[in-house]
Amino acid sequence: MSIGDRTIVEGNTGTSPATFEVQLSQASQQAVTVQYATANGTATAGSDYTASTNTLTFAPGETRKTITVNVQGDTSVEPNETFAVRLSGATNATIADGEGIGTITNNDVAPVPTPTPTPAPAPAPVLRNLSIGDVTLTEGNSGTATATFAVNLSASSTSAIDVNFATANRTATAGADYTSRTGTIRFAPGETRKTIEVSVLGDTIAEASETFAVNLSRAVNATIADGEGIATVTDNDAPPPAPGRFNYGEVLEKSFLFYEAQRSGDLPSTNRISWRGDSALRDGADVGVDLTGGYYDAGDHVKFGFPMAASMTMLGWGVVQYRNAYQQSGQLDEALDALKWGTDYILKAHTAPNEFWGQVGLGGPDHAYWGPAETMTMARPAFKIDAQNPGSDLAGEAAAALAAASIAFRPTNSGYADRLLTHATQLFSFADNHRGKYSDSIRDAANYYPSYSFTDELVWSATWMHKAIEAKGGTDTFYLNKAESYYQGVYAGWTQSWDEKSHGAAVLLAQETGNSRYRTDVENWLNYWSDKSGAGIRYTPGGFAWLDQWGSNRYSANTAFVAGVYSDTVNDPGDRYSNFAEDQIDYLLGDNPNNRSYVVGFGNNSPRNPHHRGAHGSTTNNINDPLINRNVLTGALVGGLSAANDNAYSDDRTNFITNEVALDYNAAFTGALARMYQEATQPFANTQALAINSGLTSLNAGMN
């Protein structure tokens with residue numbers, strides 16, 4: 001929903017109507033309401049316009065409404081004035097632009113003043129010009145180097161000349177790359193040259209050349225002709241590794257360590273995370289159901305069923321598509337263990353054909369606690385969907401996860417695969433026959449993982465049901481027909497995510513049918529994402545495809561995985577999609593201007609302080625105590641760049657936009673790593689990467 005601006009001529013008497021247009025982006029099948037109220041700007045209610053508050057209602061199918069505000073005329077000569085109409089409290093819609101500005105144009109004319117003769121100006125003093133030069137220097141590996149800026153005066157003066165100076169960041173950062181300086185320099189009578197020295201800090205990080213500035217200001221007895229000097233700090237460290245040169249087997253192994261660190265419940269004797277212990281052993285007790293196990297969602301301890309199931313589907317897809325790579329890298333057992341920890345929980349949560357427990361824990365109380373899962377004591381209520389309170393998206397995603405997992409387990413555990421498929425069948429029927437969004441039924445989830453729609457999950461889960469039945473040796477047209485009948489296309493400007501499944505579903509349907517409709521939709525989407533001309537997705541200068549500030553690494557990794565699958569199984573004109581997939585994964589592993597890995601515990605300059613309670617290991621409920629995380633959250637992919645800028649990342653525990661982790665961040669990323677391992681054909685021996693897995697073992701491991 002958005003409201004437009006309005007400009008109106010004031011008039012001299014009476015009132016004039018200012019009509020604001022409120023529009024919906026598309027028609028809704030439900031009534032949409034929104035409250036509105038005027039607010040003063042430079043115009044004042046009562047004297048310049050008549051205040052108004054009310055509620056607008058869009059009937060189903062309507063997309064346009066108007067709000068009229070009366071503007072009061074007068075004969076006062078005054079500037080143009082403004083007031084606002086603000087929208088709030090929308091139901092069945094979100095507010096994209098909630099403020100319309102009314103500009104009241106004054107139409108009164110001031111009397112023409114009698115001109116006053118202008119006195120002849122006094123002759124201006126002749127002032128000297130100041131300018132500062134640029135400088136280039138090599139950074140060095142340690143200590144400091146000196147950047148010397150020359151400040152020149154155009155000619156000597158008989159008076160003393162003062163000018164202020166101050167350093168300013170460009171791509172270099174004060175404190176990390178150079179030492180900031182401010183001060184004043186003085187030219188004594190007769191002097192024409194001065195210098196400003198700035199210390200540049202050396203390091204051994206391979207990075208792009210960086211710049212900072214020295215700016216001149218507030219000159220006395222002179223004018224500033226060129227007031228900015230630029231220092232270019234040339235990097236002298238080794239360049240970042242070339243694409244395809246990473247140890248993909250190692251980072252694949254570490255990704256599964258991240259999933260072990262996210263486990264809830266009674267941990268097995270094979271637990272490899274030394275700082276993790278049993279936790280949340282009474283989940284579900286409030287409703288008489290065993291809901292222990294599963295995964296904590298992110299840096300917190302809520303078990304959100306929707307993104308958990310979506311993550312298991314993507315993990316399962318990776319095993320289905322790249323099983324040989326998992327086998328050759330020695331990570332197939334770990335992949336199946338990670339998948340089974342999630343699907344075992346989904347089976348527990350499916351307590352009746354039309355009943356599924358979709359959340360354990362409340363976001364507010366959980367997020368108020370900053371400590372390890374092993375010591376939390378807050379209430380953890382359970383929430384479900386059922387026939388009266390449906391959730392087609394949640395039930396459909398759970399069905400997709402179980403169906404995909406049944407394919408993954410069929411070669412080694414056919415009995416478990418059959419059990420998964422039986423529950424998947426019931427869950428799909430529940431999703432299809434009892435329509436609704438799960439976040440309308442589980443209201444707390446709407447604050448964290450609200451669902452946009454459920455049709456994409458019906459297409460997605462039906463296609464996975466079709467594939468699972470055929471993997472068992474059967475034939476199917478029922479589920480495939482449903483998937484094709486529900487399919488609504490693909491939006492090229494977004495991508496596969498915990499809430500959006502149409503992109504992945506289109507790839508699966510293209511695999512299963514070869515239909516040009518799905519191929520065209522997928523290729524239009526992938527062409528948009530792989531277009532670096534400026535007409536497609538935004539790219540950073542270093543080559544990262546950036547979609548959104550929250551978890552940008554996740555969107556790039558998701559697209560890379562699905563693009564890789566499509567390129568390997570359907571079509572890849574000129575290796576375009578494969579190259580895109582490899583470039584994005586390599587960027588995340590360190591092939592970027594900052595030579596930075598975004599995977600904890602892997603590669604160069606990797607994150608040390610992800611936003612994660614267990615890894616931080618605080619015993620004082622304080623996000624800043626200790627300063628450095630006690631434990632290493634090995635294998636976690638952090639959120640990433642908050643803007644389309646290679647430097648828009650901060651390894652700051654309090655920054656949950658760039659530095660949180662989540663189940664869904666690593667899910668498709670893990671499958672993409674398996675593909676990269678397969679493409680690179682690298683030999684790999686298991687490292688059991690535990691040496692860096694723990695800094696200090698959590699004092700609370702094993703406690704509940």
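The structure presented is a predicted model; accordingly, all values stated were derived computationally and were not measured.

A.B. asks: I would appreciate a short explanation of the sheet that holds strand 2 (residues 6-9) in the present structure.
C.D. replies: Taking strand neighbours across the sheet as the criterion, the five strands line up as 2-8-7-4-5 in an open arrangement whose pairing is mixed. Only two strands of the sheet have a single partner each, and these edge strands are strand 2 and strand 5 (53-58). This sheet shows a mean twist of 25° between the axes of neighbouring strands, independent of strand direction. Bridge analysis of strand 4 (residues 32-40) against strand 5 gives six bridges, and the strand direction is antiparallel. Each bridged residue has a counterpart across the sheet, and for Val34 the counterpart in strand 5 is Leu56.

A.B. asks: What should I look at first to understand the pairing of strand 4 in this one?
C.D. replies: Look at any regular strand and the pattern is simple: side chains alternate between the two faces of the sheet. The sheet contact formed by strand 4 and strand 7 (residues 81-91) spans seven bridges and is antiparallel. By the bridge assignment, Gln35 is partnered in strand 7 with Ser88.

A.B. asks: Can you help me understand helix 9 (residues 455-471) in this one?
C.D. replies: A turn of α-helix holds 3.6 residues, and therefore any two residues three or four places apart point the same way. For helix 9, built from 17 residues, the straight-helix expectation of 24 Å at 1.5 Å per residue is met to within 8% by its first-to-last C-alpha distance of 24 Å. At the exit of helix 9 stands Gly473, carrying a positive phi of roughly 105°.

A.B. asks: Would you explain the pattern of salt bridges in this entry?
C.D. replies: Two side chains that carry opposite charge are able to pair once their charged atoms sit near each other. Enumeration over the complete set of coordinates arrives at 26 salt bridges. A salt bridge links Arg435 to Asp432; its shortest N-O distance comes to 2.9 Å. Residue class for Asp432 comes out buried when judged on its relative accessible area of 9%. Of the charged contacts in the structure, one is a salt bridge between Arg675 and Glu582, with a shortest N-O distance of 3.9 Å. Of this pair, Arg675 sits in helix 17 (residues 663-680) while Glu582 sits in helix 14 (residues 576-589), placing them 93 residues apart in sequence. Taking relative accessible area as the criterion, Glu582 reaches 21% and is therefore assigned partly exposed.

A.B. asks: Help me out: how do you make sense of helix 6 (residues 392-409) in this one?
C.D. replies: A rise of 1.5 Å per residue sets the reference length of helix 6, with its 18 residues, at 26 Å; its end C-alpha atoms lie 25 Å apart and thus fit the reference within 8%. Counted residue by residue, helix 6 has 18 buried out of 18 residues, so it is predominantly covered.

A.B. asks: Which parts of the structure should I look at to understand the packing of helix 2 (residues 305-321) against helix 9?
C.D. replies: Any two packed helices are characterised by the angle at which their axes cross and by the distance between the axes. Running from N to C, helix 2 and helix 9 point in directions that differ by 40°, and their axes come no closer than 13 Å. Between helix 2 and helix 9, the angle falls in the class oblique. Seen along the crossing, helix 2 lies across helix 9 with a hand that is left-handed. Within the contact between the two elements, helix 2 uses Phe306, Thr313, Met314 and Trp317 and helix 9 uses Glu457, Trp460 and Trp464. Class assignment of the residues belonging to the contact of helix 2 with helix 9 gives a composition of five nonpolar, one polar and one charged.

What counts as what
Residues numbered from 1 in each chain as written. Predicted model: local features only at pLDDT ≥ 70, side-chain atom pairs only at ≥ 80, totals over all residues. Heavy atoms only, no water. Pairing = 2+ DSSP bridges. Helix = DSSP H or I, 4+ residues; strand = E, 2+ residues; numbered from the N terminus. Axes fitted to C-alpha atoms, helices over the stretch in contact; angles between N-to-C directions. Expected span 1.5 Å × (residues − 1). Salt bridge = Lys/Arg side-chain N within 4 Å of Asp/Glu carboxyl O. Buried < 20%, exposed > 50% of the residue type's maximum accessible area, 1.4 Å probe, protein only. Parallel < 35°, antiparallel > 145°, perpendicular 65-115°, else oblique. Left-handed = near helix turned anticlockwise from the far one by under 90°. Contact = heavy atoms within 4.5 Å. Nonpolar A, V, L, I, M, F, W, Y, C, P; charged D, E, K, R; others polar.

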